[in-house]
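What follows is each chain in one-letter form.
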Amino acid sequence: PGFIIVFRLLQAVVSTQSTGISNQEKCVRCEKTVYFAERMVVLNKIFHKTCVKCKKCNKTMEPGSVTEHDDEIYCKNCYTREFGPKGVGFGLSGAAMTTGNYAE
């Protein structure tokens, strides 16, 4: 009886090692198993292709169009809006602003 239990345990270990079940990678976004056909590496992290989305607008992105802030991925537009320069507007300097006193 003891031999059968040990034999069954060895079968389970060999079966797990040959299928690689214990070594599968998890998606950073959804934390589910990522299989090779759906695997995408973005900023040295593993994702499903469908999980590579902007945190702000949820737009699906290609690896080259991704920016990162605090371990989250953003499209370039949302990144600029959230973390880019703040103020009057882009490309507008103080020299271009007027006070409205045209009478003098």
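Notes on the structure follow. Given the structure is predicted, the values throughout are model-derived calculations rather than measurements.

Right, let's get into the nonpolar core. If you look at the biggest cluster of nonpolar residues, it comprises 15 residues, and the most contacted ones within it are Val42, Phe47, Val52, Cys54, Met61, Val66 and Ile73. Contributing elements (two or more residues each) for this core: β3 (39–42), β4 (45–48) and β6 (72–75). Excluding residues that lie within four positions of it along the chain, phenylalanine 47 makes contacts with Cys27, Val28, Arg29, Val34, Glu38, Arg39, Met40, Val42, Val52 and Ile73.

What follows deals with unusual backbone geometry. The phi dihedral of glutamate 31 falls on the positive side, at around 65°, and the residue is not glycine. For glutamate 31, the position within the fold is in the loop between β1 (25–26) and β2 (33–34). Owing to a relative accessible area of 62%, glutamate 31 belongs among the exposed residues under this scheme.

Time to look at the pattern of salt bridges. Throughout the structure, instances matching the rule amount to 5 salt bridges. Among the ionic pairs, glutamate 82 bridges to lysine 56, the shortest N-O distance being 3.3 Å. Of this pair, glutamate 82 sits in helix α2 (residues 76–83) while lysine 56 sits in the loop between β4 and β5 (66–69), and the two are 26 residues apart along the sequence. Judged by its relative accessible area of 52%, lysine 56 falls in the exposed class. Through salt bridges with shared partners, one network takes in Lys45, Glu68 and Asp71.

The next point concerns the environment of threonine 33. As for its position among the elements, threonine 33 is in strand β2. Relative accessible area serves as the criterion here: at 18%, threonine 33 is assigned to the buried category. As a C-alpha pair, threonine 33 and phenylalanine 47 span 14 residues in sequence and 9.4 Å in three-dimensional space.

Conventions we followed
Residues numbered from 1 in each chain as written. Predicted model: local features only at pLDDT ≥ 70, side-chain atom pairs only at ≥ 80, totals over all residues. Heavy atoms only, no water. Core = buried A, V, L, I, M, F, W, Y, C linked by side-chain atoms within 4.5 Å. Buried < 20%, exposed > 50% of the residue type's maximum accessible area, 1.4 Å probe, protein only. Helix = DSSP H or I, 4+ residues; strand = E, 2+ residues; numbered from the N terminus. Contact = heavy atoms within 4.5 Å. Salt bridge = Lys/Arg side-chain N within 4 Å of Asp/Glu carboxyl O.

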